[in-house]
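# Tertiary structure, described
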Amino acid sequence: MWLALIIGNSRLHWGLFDGKTLCHTYDTERLSKSFVYSLSKCQTLSEVQQILSSSPHTPRQSLFVGNQQDCADSSTLPTSHTLPTTPSFPLLLASVVPSQTALWLTYPNVGVVTLEDIPLQGMYPTLGIDRALALWGAGKTWGFPMLVIDAGTALTFTGADANQNLFGGAILPGLGLQMATLAENTGQLPNVELPHDLPQRFAVNTQQAIQSGVIYTLLAGIKDFVQAWWQSFPQGKIAITGGDRTLLISYLQSLFPEIAKRLIVEPNLIFWGMEKTQNAQFFHNS
Ligand SMILES: Nc1ncnc2c1ncn2[C@@H]1O[C@H](COP(=O)(O)OP(=O)(O)O)[C@@H](O)[C@H]1O
Ligand SMILES: CC(C)(COP(=O)(O)O)[C@@H](O)C(=O)NCCC(=O)O
Ligand SMILES: [K+]
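Calculation rules
- Residues numbered from 1 in each chain as written.
- Chains lettered and ligands numbered in written order.
- Predicted model: local features only at pLDDT ≥ 70, side-chain atom pairs only at ≥ 80, totals over all residues.
- Heavy atoms only, no water.
- Helix = DSSP H or I, 4+ residues; strand = E, 2+ residues; numbered from the N terminus.
- Buried < 20%, exposed > 50% of the residue type's maximum accessible area, 1.4 Å probe, protein only.
- Contact = heavy atoms within 4.5 Å.
- Domains from an automatic or database assignment.
- Buried area = accessible area lost by both parts, 1.4 Å probe.
- Salt bridge = Lys/Arg side-chain N within 4 Å of Asp/Glu carboxyl O.
- Polar contact = N/O pair within 3.5 Å; in protein donor to acceptor, adjacent residues only side chain to side chain.
- Nonpolar A, V, L, I, M, F, W, Y, C, P; charged D, E, K, R; others polar.
- Near = heavy atom within 4 Å.
- Areas by Shrake-Rupley, 256 points an atom, 1.4 Å probe, with all protein chains shown as cover.
- UniProt positions renumbered as here; feature names shortened; annotations may be inferred.
- Core = buried A, V, L, I, M, F, W, Y, C linked by side-chain atoms within 4.5 Å.
- Expected span 1.5 Å × (residues − 1).
- Axes fitted to C-alpha atoms, helices over the stretch in contact; angles between N-to-C directions.
- Parallel < 35°, antiparallel > 145°, perpendicular 65-115°, else oblique.

### Section: the overall build of the chain
- When helices and strands are counted, the chain shows 10 helices and 11 strands.
- In the chain, buried positions account for 50% of the 286 residues.
- Considering only residue pairs separated by 6 or more positions, the chain has 60% of its internal contacts joining residues 24 or more positions apart.

Structure, rendered in structure tokens:
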């Protein structure tokens, strides 16, 4: 068993693996140095699950990964399994937040994924590790050419051609960040939640005007990138991930159903990418 930890700009994403099988995922807030220490002292799987799902730093979401056929059910996990030889539960880390990376490097049994661990060609040195991993995970799972849309704190497009060569991509503020930045940097605009359904385009109040502006321009931008991708790669695949994927898919289904139909929706792309690196091979036997 091993833990994968992805440190994004909004929160931490945890994956509990049994070898190649992703058993549980958890999203938590950023955690303290004392939490890192407590996790390192866990001796059993149930202690690890306990600390992740009910620490004072309560996770906002705790999901059972139900779509993996061979995934162990939580009730069948060896909850009293004592860790055999390693002093701490093995942890594989991928982070796009350097200050958080530094904190987690204090964990005794940590491996860090870098771009060098990902066999994609043509990556530039400052490419985000989350983008490279999501692209690798999606391409190895569904095939190349592959374009990944990650609707997280930032919204990113990251594509690779049939030869697993980075084609390129783009970065823009994600849905949440666009809403927040309007509220933070103006005198009269309120903080507004994202609606579940596609709003009216021509709004007649402030709240709906913000929602409309952010959502319709983002959808138009996605449509434009997707069409450009299909122009370069008519058979190219597209996968979407990230915390805002479900909302975006629902908007796309209303506005551009032809595009929505062709998207692969997968919350765990980065975990699949981590599992498919050499680092994870190392953990498969632990
Ligand atoms: N429970 C949640 N907590 C925080 N953000 C959430 C939650 N559910 C959905 N989101 C959305 O997910 C976005 C962040 O996406 P995520 O992929 O988690 O980011 P990152 O990996 O960059 O930390 C936020 O903009 C927010 O709109
Ligand atoms: C673009 C990102 C901020 C996305 O981070 P996230 O929204 O997933 O937290 C991150 O991948 C990053 O810091 N990238 C480095 C620059 C680049 O990819 O070119
Ligand atoms: K992202």
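### What to know about the domain arrangement of the chain
- The assigned domain composition of the chain is domain 1 (2-60 + 86-112) and domain 2 (119-271).
- Of note, the centres of domain 1 and domain 2, computed from C-alpha atoms alone, are 26 Å apart.
- The partner domain 2 presents nine residues to the 14 residues of domain 1 that form the contact.
- Taken together, the two surfaces of domain 1 and domain 2 that pack against each other cover about 790 Å², and 78% of this comes from carbon and sulfur.
- On the domain 1 side of the contact with domain 2, I6, A94 and V96 bury the most area, a combined 46% of that side's loss.
- Counting every contact that joins domain 1 to domain 2 gives zero salt bridges.
- Inspection of the region where domain 1 meets domain 2 yields one residue pair in polar contact (both at pLDDT 80 or more).
- Examining the composition of the side of domain 1 that touches domain 2, we find that four residues originate from one element, strand β2 (residues 12-18), more than from any other.
- Its residues assigned to classes, the side of domain 1 that touches domain 2 shows seven nonpolar, six polar and one charged.

### A few points about unusual backbone geometry
- For the peptide bond that leads from F144 to P145, omega is 0 degrees, which places it in the cis range.
- Structurally, P145 can be placed in the loop between α4 (129-142) and β7 (146-151).
- In this structure, Q164 takes a positive phi of about 60 degrees despite not being glycine.
- Residue placement: Q164 occurs in the loop between β8 (154-160) and β9 (166-173).
- Classification of Q164 by relative accessible area gives partly exposed; the value is 24%.

### So, the pattern of salt bridges
- Evaluation of the coordinates by the stated rule reveals four salt bridges.
- The partner of R11 in a salt bridge is D27, with the nearest N and O atoms 3.3 Å apart. Separated by 16 residues along the polypeptide, R11 in the loop between β1 (2-7) and β2 and D27 in strand β3 (residues 21-28) bring together distant segments of the chain.
- Residue K276 pairs with E275 through a salt bridge whose shortest N-O separation is 3.5 Å.
- Through salt bridges that share partners, K20, E275 and K276 make up one connected network.

### As for the site of ligand 1
- The local shell around ligand 1 holds 12 residues, among which S10, R11, H13, T153 and D244 are the closest.
- Interatomic distance of 2.8 Å between a backbone N/O atom of S10 and an oxygen atom of ligand 1.
- Its free accessible area being 570 Å², ligand 1 has 77% of it covered by the protein chains.
- Residue classes in the shell around ligand 1 are distributed as no nonpolar, nine polar and three charged.

### Description of the UniProt feature "binding site: K(+)" (unreviewed entry) in the chain
- Per the UniProt entry, the sites bearing "binding site: K(+)" (unreviewed entry) are D150 in this numbering.
- Note that D150 resides in strand β7.
- Setting aside residues up to four positions removed in sequence, D150 forms contacts with D130, L155, T156, T241, G242 and I270.

### Some words on the nonpolar core
- Counting residues in each nonpolar core, the largest one holds 32 residues, and the members touching the most others are I118, L120, L133 and M274.
- Elements that contribute at least two residues to this core include exactly β1, β5 (91-95), α4, β7 and α9 (269-275).
- Counting contributing residues per domain, this core is built from domain 1 (2-60 + 86-112) and domain 2 (119-271), each supplying no fewer than three.
- Judged by nonpolar contacts, the second largest core, of 29 residues, contains L155, F157, I210 and L252.

### A closer look at α4
- Taking 1.5 Å as the rise per residue, α4 with 14 residues should run 20 Å; its terminal C-alpha atoms sit 20 Å apart, in good agreement.
- Taking burial as the measure, the 14 residues of α4 include 11 buried ones, the bulk of the element.
- By the burial criterion, the buried members of α4 are I129, D130, R131, A132, L133, A134, L135, W136, G137, A138 and G139.
- Elements that come into contact with the buried residues of α4 comprise β5, β7, β8, β9, β10 (237-241) and α9.
- Positive phi appears at G143, one or two residues downstream of α4, with a value of about 105 degrees.

### Observations concerning the packing of helix α6 (residues 206-232) against helix α7 (residues 245-255)
- The N-to-C vectors of α6 and α7 enclose an angle of 80 degrees; their axes lie 11 Å apart at closest approach. One finds that α6 runs roughly perpendicular with respect to α7. The segment α6 lies against α7, with I215, Y216, L218, L219 and I222 engaging L248, Y251, L252 and L255.
- When the residues that make up the contact of α6 with α7 are grouped by side-chain class, the tally is nine nonpolar, no polar and no charged.

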